Amino acid sequence: QGTRADPSHAPTWQAWALMEHKAGHLDRARQLFEQGTRADPSHAPVYQAWALMEHKAGHLDRARQLFEQGTRADPTDAPTWQAWALMELKRSPNAALRILEQGLQKVYDPPGQASLYCLQGGAYARLGNLAQAEAAFEQAFRLAPREPRNHYFYALQVLEPQKRLPEAIAHYQRALQLNPRPQDRQKIEQALRRLTPRLPKS
């Protein structure tokens, strides 16, 4: 009904496609995602959602094509760059870093840039490049000082591996103070419970 009322509204096509995907109707979902890209070729979230569906279905090359189309459709859309880099990170941190470098040249809003720097820091940490990881997280803190996830991932990916436990605990505590989302709060509280008994006795 929503697409009949406004067939040019890409988010409505996207929502319908996601419903079909959830029901297991992948071919129908693909048709609806295609309609969404035709309704508004500049709406990157449609390409992102479609790419994630294809990735989940095991179609990696198709997912990459869709992410590339999405970042061309709207190069300033940070979540599409982020989702693409996250997909590649599990297979190749270097591939993820190349995507993030491209995104950081196109994304201009500070929260969006911060999300990419945070992921960049995690990719460098995975490669063992801790100095570069530190520098990336510093940029994330500068651009979005009140984003809880920056503190959480910095503690988890940079401080804990270096056994800098008091600093890690301080960043987890700071993340809690910044009112994280419920699912993030649970992870942060679990990390604090895990680390507190390991603090060296004074």
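All values derive from a computational prediction rather than experimental measurement.

Draft legend 1. Here's a closer look at the layout of surface pockets. There is about 460 Å³ of room inside the largest pocket. Taken together, 22 residues make up the lining of the largest pocket; nearest its centre are Gln82, Leu86, Ser115, Arg149 and Phe153. Broken down by secondary-structure element, the contributors of at least two residues to the lining of the largest pocket are α6 (78–89), α8 (110–127) and α10 (148–159). The greatest single-element share of the lining of the largest pocket, amounting to eight residues, is contributed by α8.

Draft legend 2. Highlighting the packing of α6 against helix α7 (residues 93–106). Remark: α6 packs on α7, axes separated minimally by 7 Å, with the N-to-C direction vectors making an angle of 170°. Taken together, the axis directions place α6 and α7 in an arrangement best described as roughly antiparallel. Between α6 and α7, the contacting residues are Trp81, Trp84, Ala85, Glu88 and Leu89 on the first element and Pro93, Ala95, Ala96, Ile99, Leu100, Gln102, Gly103 and Lys106 on the second. Each residue belonging to the contact of α6 with α7 can be placed in one class, and the counts come to nine nonpolar, two polar and two charged.

Draft legend 3. Spotlight on the packing of aromatic side chains. Taken as a whole and assessed by the stated rule, the structure comprises nine aromatic pairs. Here the aromatic rings of Trp13 and Trp16 are separated by 5.9 Å at their centres, their planes lie at 15°, and the arrangement is stacked. Linking Trp13 with Trp16, this pair stays in helix α2 (residues 10–22), spanning three residues, or about one helical turn. Taking the centre distance of 5.4 Å and the plane angle of 50° together, the rings of Phe137 and Tyr154 count as tilted. Taken together, the positions of Phe137 in helix α9 (residues 130–143) and Tyr154 in helix α10 put the pair 17 residues apart, joining distant regions of the chain. Of the two residues, Phe137 and Tyr154, neither departs from the other in class, the shared state being buried. Members of the aromatic cluster, each reached through a chain of ring pairs, are Phe67, Trp81 and Trp84. The cationic tip of Arg28 hangs over the ring face of Trp16; the distance from NZ or CZ to the ring centre is 5.1 Å.

Calculation criteria
- Residues numbered from 1 in each chain as written.
- Predicted model: local features only at pLDDT ≥ 70, side-chain atom pairs only at ≥ 80, totals over all residues.
- Heavy atoms only, no water.
- 1 Å grid on protein atoms, 1.4 Å probe; cavity = no way out; pocket = protein on both sides within 12 Å on 5 of 7 lines; lining within 4 Å.
- Points joined across faces, edges and corners; volume = space filled by probe spheres on them.
- Helix = DSSP H or I, 4+ residues; strand = E, 2+ residues; numbered from the N terminus.
- Axes fitted to C-alpha atoms, helices over the stretch in contact; angles between N-to-C directions.
- Parallel < 35°, antiparallel > 145°, perpendicular 65-115°, else oblique.
- Contact = heavy atoms within 4.5 Å.
- Nonpolar A, V, L, I, M, F, W, Y, C, P; charged D, E, K, R; others polar.
- Phe/Tyr/Trp six-rings, centres within 6.5 Å; stacked < 30°, edge-to-face > 60°.
- Buried < 20%, exposed > 50% of the residue type's maximum accessible area, 1.4 Å probe, protein only.
- Lys NZ or Arg CZ within 6 Å of the ring centre and 35° of its normal.

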